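Residue-level structural notes
One-letter residues, chain by chain:
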Amino acid sequence: MNLPASQSVAQLPYSGLRLKRTSPIRDQADWDDICRTHPDAKVIPVWQGKSLISGWNGGEEDASIDQPLTMKTVETSSVADAELVLLGVDDESPMLAADLSHWSQADANALTQDARFVDLRKVGAALDTQEAALLSYARGMVHWHQTHRHCGRCGAATLNERGGMLRRCPETSCSGQAFPRIDPAVIVLVVDDSLHPDGVPRCLLGRAAGWPKGVYSTLAGFVEPGETLEETVAREVREESGIGIRDVRYQASQPWPFPSSLMIGFHATARTLDIARHDQELEDARWFSARDLRDAGTWGEDKTLCLPRQDSIARYLVERWLEQQA
Ligand SMILES: [Zn+2]
């Protein structure tokens, strides 16, 4: 991503969606019928977490892209048995998401001739930013519905209301309500502020087992009840690297619907340099100079050091720091 250094509010992949989320349709008891019979309604199908994309000729592990990638929508008549979510309105026309996860793979593949279901993580960086943001939103909403089909209090099957922005328990003795949820997570690039003996600034990156060869990324973790964001940053850095920090500085945030996170990104300054991992989340953590990182490859390349995914806030945090280095 290429962002001007002076830009104070970053526009990261999967964000910046220009869609009117509010609509009077949500307040109608028959919102589902209104949407299904609307002549201009568009449906974004989601099948087992995957998005419908044209132009993708790769297999599950193959990232081959030989023409522009675009998201595909379908008509409501083709998803008659699917639960809908009203994402918003585009010029007063409903933009919907439909969960087709109960369909067989053959049925899902037969939905259109010229598109297939692909994991958004494989194609997000190659999509138009609005399409990537829309698919991200659809994926996140469908995942939330899938995981809230039953009331968390009494176990009764819940009802899909307010255009998919509420799941309500029908038991009058319970009246449980659930609203779409996200999981806040912090992600941080720790810099050493020239503490190293040679005076060369370095930043702290870690590597988890199972990542592609050579990939090191920023440290991250979920916010726990009772914590501020700054406290989470300090705890995660301490647990994953043993490093003490100060000056936690907000940089940007990013919706990350894999499956339901909001990534809240920071830079922080190290107080100590000695790395000692206290949990098993990472298999390695190291200090890297700007020179190390400028010579690095990117996620998936066959190099000894690779940067985080192009579409991630981790990458943005690293690139922002690199811009600040002479
Ligand atoms: Zn209930």
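Residues numbered from 1 in each chain as written. Predicted model: local features only at pLDDT ≥ 70, side-chain atom pairs only at ≥ 80, totals over all residues.

Another aspect to go through is the overall build of the protein chain. Of regular secondary structure, the protein chain possesses seven helices and 17 strands. Against the compact-globule benchmark of 20 Å for 326 residues, the protein chain has a radius of gyration of 22 Å, which places it among compact chains. Projected onto its principal axes, the C-alpha coordinates of the protein chain cover approximately 70 × 55 × 35 Å. Residues classed as buried in the protein chain amount to 36% of the 326 residues present. Taking all contacts inside the protein chain whose residues are at least 6 apart in sequence as the whole, residues at least 24 apart take part in 66%. (Helix = DSSP H or I, 4+ residues; strand = E, 2+ residues; numbered from the N terminus. Rg over C-alpha atoms; globule rule 2.2 N^0.38 Å. Buried ≥ 20, exposed ≤ 12 C-beta atoms within 10 Å, placed from the backbone. Contact = placed C-beta atoms within 7 Å.)

Where strand E13 (residues 245–256) and strand E14 (residues 261–270) come together, nine bridges link them in antiparallel fashion. Along E14, the bridge assignment pairs Arg246 with Thr269. (Pairing = 2+ DSSP bridges.)

A few words on the nonpolar core. If you look at the biggest cluster of nonpolar residues, it comprises 79 residues, and the most contacted ones within it are Leu96, Ala97, Ala138, Val188 and Val190. Considering every element that reaches this core, the biggest residue donor is helix H4 (residues 129–146), with nine residues. For this core, the domains that each give at least three residues are domain 1 (24–147) and domain 3 (183–324). In this structure, Leu96 is in contact with Cys35, Ala41, Lys42, Val43, Ile44, Leu84, Val85, Leu86 and Leu87, ignoring residues within four places of it in sequence. (Core = buried A, V, L, I, M, F, W, Y, C linked by C-beta atoms within 7 Å. Domains from an automatic or database assignment.)

The next point concerns unusual backbone geometry. Going from Phe258 to Pro259, the amide bond is cis rather than trans, its omega being 10°. Relative to the helices and strands, Pro259 is located in the loop between E13 and E14. Within the chain, Asp247 stands out as a residue other than glycine whose phi angle is a positive 50°. For Asp247, the location among the structural elements is in strand E13. Its 13 C-beta neighbours within 10 Å are what place Asp247 among the partly exposed residues.

The end-to-end C-alpha distance of helix H7 (residues 313–324) is 17 Å, a good match for the 16 Å that 12 residues give at a rise of 1.5 Å each. Within H7, the full set of buried residues consists of Ile313, Ala314, Arg315, Tyr316, Leu317 and Val318. Among the structural elements, strand E10 (183–191), E13, E14, helix H6 (290–294) and strand E17 (306–307) are those in contact with the buried residues of H7. (Expected span 1.5 Å × (residues − 1).)

With respect to the helices, strands and loops of the structure, Ser260 is situated in the loop between E13 and E14. We classify Ser260 as partly exposed; it has 18 C-beta atoms within 10 Å. Beyond its immediate chain neighbours, meaning those up to four positions away, Ser260 contacts Gly140, His143, Trp144, Arg181, Ile182 and Asp183.

Moving on, we come to the sheet that holds strand E9 (residues 177–178). Pairing is antiparallel across the open sheet formed by three strands, whose spatial order is E7-E8-E9. Bordering the open sheet on either side are strand E7 (159–161) and E9, each of which pairs with just one other strand.

Before going further, it helps to spend a moment on the environment of Arg238. Its location among the elements puts Arg238 in helix H5 (residues 229–241). Taking the number of C-beta atoms within 10 Å as the measure of exposure, Arg238 has 17 and is therefore partly exposed. Separated by 40 residues in the primary sequence, Arg238 and His278 have C-alpha atoms spaced 7.6 Å apart. The residues contacting Arg238, other than those within four sequence positions of it, are Ile243 and Gly244.

Turning our eyes to something else, we now look at the confidence of the model for the protein chain. Residue-level pLDDT values for the protein chain average 92, and 94% of them are 70 or greater. Predicted confidence for residues 1–6 stays below pLDDT 50, and this span has four contacts to residues more than four positions away or in other chains. (pLDDT = per-residue confidence, 0-100.)

A few words on H4. Between its first and last C-alpha, H4 extends 26 Å over 18 residues, near the 26 Å set by a 1.5 Å rise per residue. Most of H4 sits inside the fold, with 13 of its 18 residues counted as buried.

For the protein chain, the domain assignment lists domain 1 (24–147), domain 2 (150–180) and domain 3 (183–324). Of the residues lining the interface, eight residues belong to domain 1; the matching set on domain 3 comes to seven residues. Looking at which element gives the most residues to the side of domain 1 that touches domain 3, the answer is H4, with five residues. Its residues assigned to classes, the side of domain 1 that touches domain 3 shows two nonpolar, four polar and two charged. (Nonpolar A, V, L, I, M, F, W, Y, C, P; charged D, E, K, R; others polar.)

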